[in-house]
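Geometric and topological summary
Chain by chain, the residues run as shown.
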Amino acid sequence: MKFLLVHAHLEQKSFNSALTNHAVVVLREAGHEVCVSNLYEMNFNPVSSRENFTTVADADFFKQQREEAYATDNDGFAPEVLTELEKVEWCDVLIFQFPLWWFSVPAILKGWVDRVFAYKRVYARGHLYSEGAFAGKKALISVTTGGPETNYSPLGMNGEMDKILFPIQHGMLAFVGFDVLPPFLSYSVAHISDAERQEMLDAWADRLRTVATTEPLGWAPKITEVDETGQDILPRFLTHFTIITEPPADVLQAENAMTARLKAQSILQSLHLAEDRRQGWLTLRAASLEDVERILQSLPVYPYLQFETTRLK
Ligand SMILES: Cc1cc2nc3c(=O)[nH]c(=O)nc-3n(C[C@H](O)[C@H](O)[C@H](O)COP(=O)(O)OP(=O)(O)OC[C@H]3O[C@@H](n4cnc5c(N)ncnc54)[C@H](O)[C@@H]3O)c2cc1C
């Protein structure tokens, strides 16, 4: 496979650089082709302007998407942008390697997305998500943080990591067609031991070796499942469940695998357990109440639980 790694860290001795360098070695050893866009080393200019283009659609009024559409039709992207565009078009897997900055990507990487993911060439009305230009390619983000994992847990003061990464994983990557793989997260990298950092590098290598078989996150909408107002055509249901008899361990294990599958298929939207773990709530995305019943009956824990479902507004 062909991998493009977009690296956003200035310091060559940083842990981000260690992750990128390790990725290059591991992927090449596995027989893959690897290209790195090291944004600071390239002195990549992240500021979008007329310098994105060699053509001009409207000299009086700068509207970036209009210029992008014109450049798409008239071979008008500046070399700095075109080179990056062609790298993304070349790759099968796009990786972003970056430190979390202000709950987001560093500006140099945001600017790379601003300039490279150009209207008409990469996305357009009706050419989003499953119909985006990069459909069929995979994307994976590898993020380091200052804060520990607990800060990003459901009760964490920073909010859940999935939500923090949503603008990147959904708004930038899934939006233009990528199948987004679960993120690789290295928490609190400056406040842990060398041995722990080495474990992270080993875990990163394992993730890279299994990219081809990793299930993508399941929440990217299919354009065929969206109506003309841009809303999902399937309704949501809230199911309350109560445990009647404690399920055996092997059933719970099978249940975990089923839960992951339903999440990946965008059917299970959320799952909450009460503190006593005797009851909980599911939000499901399904065509009808009958469909929900069919899904519930497919759960390994179904015989042990009692369910009550309400359609949500
Ligand atoms: C502007 C800004 C905004 C920020 N916003 C946030 C935020 O919103 N949330 C948050 O949690 N954090 C935030 N941070 C913190 C930031 O995310 C972390 O500082 C960053 O993720 C740490 O990664 P690094 O690569 O810079 O680590 P470094 O400090 O470079 O590295 C950590 C340690 O790893 C060591 N190391 C390097 N190579 C190896 C190797 N091969 N093996 C083992 N060890 C190695 C280094 O020597 C160092 O001791 C922010 C920081 C800045 C500057």
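Everything that follows concerns the structure shown earlier in this document.
Residues numbered from 1 in each chain as written. Predicted model: local features only at pLDDT ≥ 70, side-chain atom pairs only at ≥ 80, totals over all residues. Heavy atoms only, no water.

1. With respect to the nonpolar core
Under the convention used in this document: To form a nonpolar core, buried Ala, Val, Leu, Ile, Met, Phe, Trp, Tyr and Cys residues must be joined to one another through side-chain atoms within 4.5 Å. To sort residues, take the accessible area from a 1.4 Å probe on protein chains only and compare it with the maximum for the residue type: under 20% means buried, over 50% means exposed, and anything in between is partly exposed. Strands here mean DSSP runs of E at least two residues long; helices mean DSSP runs of H or I at least four residues long; both are numbered from the N terminus. Every residue pair with non-hydrogen atoms within 4.5 Å of one another is taken to be in contact.
Leu-94, Phe-96, Trp-112, Phe-117, Leu-173 and Phe-178 are the most contacted members of the largest nonpolar core, which has 45 residues in total. Mapped onto this core, the elements with two or more residues apiece are strand S1 (2-7), helix H3 (79-90), strand S3 (93-99), helix H4 (107-116), strand S4 (138-144) and helix H5 (161-173). At six residues, the largest contribution of residues to this core is made by H5. Residues within four places of Phe-178 in sequence aside, it is in contact with Val-88, Leu-94, Phe-117, Phe-134, Lys-137, Lys-138, Ala-139 and Leu-173.

2. A short note on the pairing of strand S2 (residues 33-38)
What counts, and what does not: Any two strands with at least two DSSP bridges between them are considered paired. Seen with its strands pointing away from the viewer, a crossover is right-handed when the path leading from the first strand over the helix to the second is clockwise.
Of the strand pairs in this sheet, S1 and S2 are connected by six bridges, and their pairing is parallel. Looking at S2, one finds that Leu-4 is bridged to Cys-35. Once the chain exits S1 it traverses helix H1 (residues 15-29) before rejoining the sheet at S2, and the crossover so formed is right-handed.

3. What to know about the packing of H3 against H4
Condition: In this description, a line fitted to the C-alpha atoms serves as the axis of each element, helices being fitted only across the stretch in contact, and the angle between N-to-C directions of two axes falls anywhere from 0 to 180 degrees. By definition in this entry, angles of less than 35 degrees are roughly parallel, angles greater than 145 are roughly antiparallel, angles of 65 to 115 are roughly perpendicular, and the rest are oblique. Residues were grouped as follows: Ala, Val, Leu, Ile, Met, Phe, Trp, Tyr, Cys and Pro as nonpolar; Asp, Glu, Lys and Arg as charged; and all remaining residues, including Gly, as polar.
Two numbers describe how H3 lies on H4: the axes approach to 9 Å, and their chain directions differ by 90°. Taken together, the axes of H3 and H4 are roughly perpendicular relative to one another. Contacts from Glu-80, Val-81, Glu-84, Leu-85 and Val-88 in H3 reach Trp-112, Arg-115 and Val-116 in H4. Of the residues assigned to the contact of H3 with H4, the class counts are five nonpolar, no polar and three charged.

4. Considerations on the layout of surface pockets
Cut-off, in case you're wondering: Using a 1 Å grid laid over the protein atoms alone, points where a 1.4 Å probe fits but cannot get out form a cavity; open sets with protein on both sides within 12 Å along at least 5 of 7 lines form a pocket; any residue with an atom within 4 Å of a point counts as lining. Grid points are joined across faces, edges and corners, and a volume is the space filled by probe spheres set on the points.
Here the second largest pocket defines a volume of roughly 400 Å³. Looking at the second largest pocket, it is lined by 21 residues, and the ones nearest its centre are Phe-241, Glu-255, Thr-259, Leu-271 and Val-301. Where the lining of the second largest pocket is concerned, the elements lending two or more residues are strand S7 (236-243), helix H7 (249-264), strand S8 (268-273), strand S9 (279-285), helix H8 (289-297) and strand S10 (305-311). In terms of residues, the lining of the second largest pocket owes the most to one element, H7, which gives five residues.

5. Some remarks on the pattern of salt bridges
Using the following cut-off: By definition, a salt bridge exists where a carboxyl oxygen of Asp or Glu is found within 4 Å of a side-chain nitrogen of Lys or Arg.
A complete count under the given rule lists 15 salt bridges for this structure. Of the charged contacts, one joins Arg-209 and Asp-206 as a salt bridge, the two residues approaching to 3.3 Å between their closest N and O atoms. One end of the pair is Arg-209 and the other is Asp-206, both in helix H6 (residues 194-209) and three residues apart, which spans about a single turn. On the accessibility criterion, Arg-209 (51% relative accessible area) is exposed. Judged by its relative accessible area of 45%, Asp-206 is partly exposed. The salt bridge involving Arg-278 is made with Glu-246; its shortest N-O contact spans 2.8 Å. Of this pair, Arg-278 sits in the loop between S8 and S9 while Glu-246 sits in the loop between S7 and H7, and the two are 32 residues apart along the sequence. Given the relative accessible area of 34%, Arg-278 is considered partly exposed. Three or more residues are tied together by salt bridges with common partners; here these are Glu-225, Asp-232, Arg-236 and Arg-285.

6. Here we look at the side chain of Thr-239
Operational definition: Whenever two N or O atoms come within 3.5 Å, that pair is a polar contact, provided that in protein one can donate a hydrogen and the other can accept it, and provided that, for residues adjacent in sequence, both atoms are side-chain atoms.
Secondary-structure assignment places Thr-239 in strand S7. Within the structure, the side chain of Thr-239 is placed 2.9 Å from the side chain of Thr-309, a separation counted as a polar contact. Contact partners of Thr-239, with chain neighbours within four places excluded, come to Gly-280, Trp-281, Leu-282, Leu-284, Val-292, Leu-296, Phe-307, Glu-308 and Thr-309.

7. A few points about H8
We count it as follows: What the arc measures is the spread of directions leading from the helix axis to the C-beta atoms.
For H8, the set of buried residues is Asp-291, Val-292, Ile-295 and Leu-296. One side of H8 carries all its buried residues, which in axial view fall inside an arc of 140°. The exposed residues of H8 that point more than 90 degrees off its buried face are Glu-290 and Arg-294. The secondary structure elements touched by the buried residues of H8 are S7, H7, S9 and S10.

8. Some details on the site of the ligand
Keep this limit in mind: Definition of nearness: a residue and a molecule or strand are near each other if at least one heavy atom of the residue lies within 4 Å of the molecule or strand. For the area figures, the Shrake-Rupley method with a 1.4 Å probe applies, and any residue is considered shielded solely by the protein chains shown.
Close to the ligand lie 21 residues; His-9, Asn-16, Leu-100, Thr-144 and Tyr-152 are nearest. A distance of 3.4 Å is found between an oxygen atom of the ligand and a backbone nitrogen or oxygen belonging to Thr-145. Note that a nitrogen atom of the ligand is positioned 2.9 Å from one of the side-chain N or O atoms of Arg-197. Isolated, the ligand exposes 1,000 Å² of accessible area, and the fraction of that covered by the protein chains is 65%. Contributions of two or more residues to the shell around the ligand are made by H1 and H6.

9. Considering H3
Selection rule: Here the expected length of a helix is defined as 1.5 Å per residue gap, with one fewer gap than residues.
End to end, H3 covers 16 Å across twelve residues, agreeing with the expected 16 Å (1.5 Å per residue, within 8%). Of all the positions in H3, only Val-81, Leu-82, Glu-84, Leu-85, Lys-87 and Val-88 are classed as buried.

10. Some points on the sheet that holds S8
One open sheet accounts for four strands, arranged S8-S9-S7-S10; its pairing is antiparallel. Because the sheet does not close on itself, it has two edges, and the strands there are S8 and S10. Between one strand and the next, the sheet's axes are offset by a mean angle of 20°, whatever the strand orientation. Across five bridges, the pairing between S8 and S9 is antiparallel. Residue pairing across strands places His-272 opposite Trp-281, the latter belonging to S9.

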